[in-house]
Amino acid sequence: DVILSAPDGALNILDLSNTGTSRPLNVLNNFIIASGGLLRLTGSGLWMESNTNAALSNAVFAVLSNGVLCVDGTLLLNNNSFVDAGTGIYVGLDTNANGLVLLVGGQLFLTNTMASAIGVNGFGEMDVSSGQVQTASGCMIVGSGKGSQGTLTIAGGNYVASAVGRLVVGMETGAVGVVSVTG
């Protein structure tokens, strides 16, 4: 597990810069970017595997799969970077969360078969200005839980879903989902 966070008013940054994409940081279970945490990738990679360890099936963040990339802070993908999350992604998981994913270059591959979500219980936002988000056969939910707010903005770059993938906007009663495509 990797947990990246900071106390109120502080910021802790994990900066993976120019390490190359042929040898990505490999996380076997949960990668949690909590409030005050920032993961910045430039010319580097992050690879998350689906973990089949049954002991983790009851973990707090193992809601839809055994491991998860949880962003309640900020994930920034710059040029020539990639994240391959076979576990999916949850942006804004906690009720008071304010999660943000920025693609200003690079690629985000969600190869999971279970759902990913932007705005699970809190506020989640994904902005794609350059680069690519690619989803597998699971679905991407924008605004998942009651009282959540999810926003997906594509102002450049690409959002590519598989032939059987779904984009769900505003899943539960009281959830707000907004999708904006301007470029």
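Quick notes on the rules
Residues numbered from 1 in each chain as written. Predicted model: local features only at pLDDT ≥ 70, side-chain atom pairs only at ≥ 80, totals over all residues. Heavy atoms only, no water. Core = buried A, V, L, I, M, F, W, Y, C linked by side-chain atoms within 4.5 Å. Buried < 20%, exposed > 50% of the residue type's maximum accessible area, 1.4 Å probe, protein only. Contact = heavy atoms within 4.5 Å. Pairing = 2+ DSSP bridges. Helix = DSSP H or I, 4+ residues; strand = E, 2+ residues; numbered from the N terminus. Salt bridge = Lys/Arg side-chain N within 4 Å of Asp/Glu carboxyl O.

Asks: Before we go on, may I ask you to explain the nonpolar core in this structure?
Replies: Within the largest apolar cluster, 29 residues are counted, with the highest numbers of intra-cluster contacts made by Leu-39, Leu-69, Leu-75, Ile-89 and Met-126. With near-sequence residues (within four places) excluded, Leu-39 lies in contact with Leu-4, Leu-14, Leu-16, Phe-31, Ile-33, Leu-46, Thr-74, Leu-75 and Leu-76. With nine residues, the next largest nonpolar core counts Tyr-90, Ala-115, Val-120 and Ile-141 among its residues.

Asks: Before we go on, may I ask you to explain the pairing of strand 6 (residues 74–77) in this structure?
Replies: Within a regular strand, the side chains alternate between the two sheet faces. Where strand 4 (residues 37–48) and strand 6 come together, four bridges link them in parallel fashion. In the strand pairing of strand 6, Leu-41 is matched with Leu-77. Sheet topology note: the strand 6/strand 9 (residues 98–110) ladder contains four bridges and is parallel. Residue pairing across strands places Leu-76 opposite Leu-102, the latter belonging to strand 9.

Asks: Would you mind going over the pattern of salt bridges with me for this structure?
Replies: Pairing of side chains with opposite charge becomes possible as their charged atoms draw close. Applying the stated criterion across every chain yields a total of one salt bridge. Where Asp-15 meets Arg-40, a salt bridge forms, and the shortest distance between an N and an O atom there is 3.3 Å. Of this pair, Asp-15 sits in strand 2 (residues 12–27) while Arg-40 sits in strand 4, and the two are 25 residues apart along the sequence. For Asp-15, a relative accessible area of 36% corresponds to the partly exposed category. When its relative accessible area of 26% is taken as the criterion, Arg-40 is described as partly exposed.

Asks: Any chance you could explain the pairing of strand 12 (residues 139–142) here in plain terms?
Replies: Of the two faces of strand 12, the one lined by Cys-139 and Ile-141 and the one lined by Met-140 and Val-142 are each fully buried. As paired strands, strand 10 (residues 116–118) and strand 12 are joined by three bridges and run parallel to one another. Pairing of Ser-116 across the sheet is with Met-140, part of strand 12. Sheet topology places strand 12 next to strand 15 (residues 166–169); four bridges connect them, and they run parallel. Looking at the pairing, Ile-141 lines up with Val-168 of strand 15.

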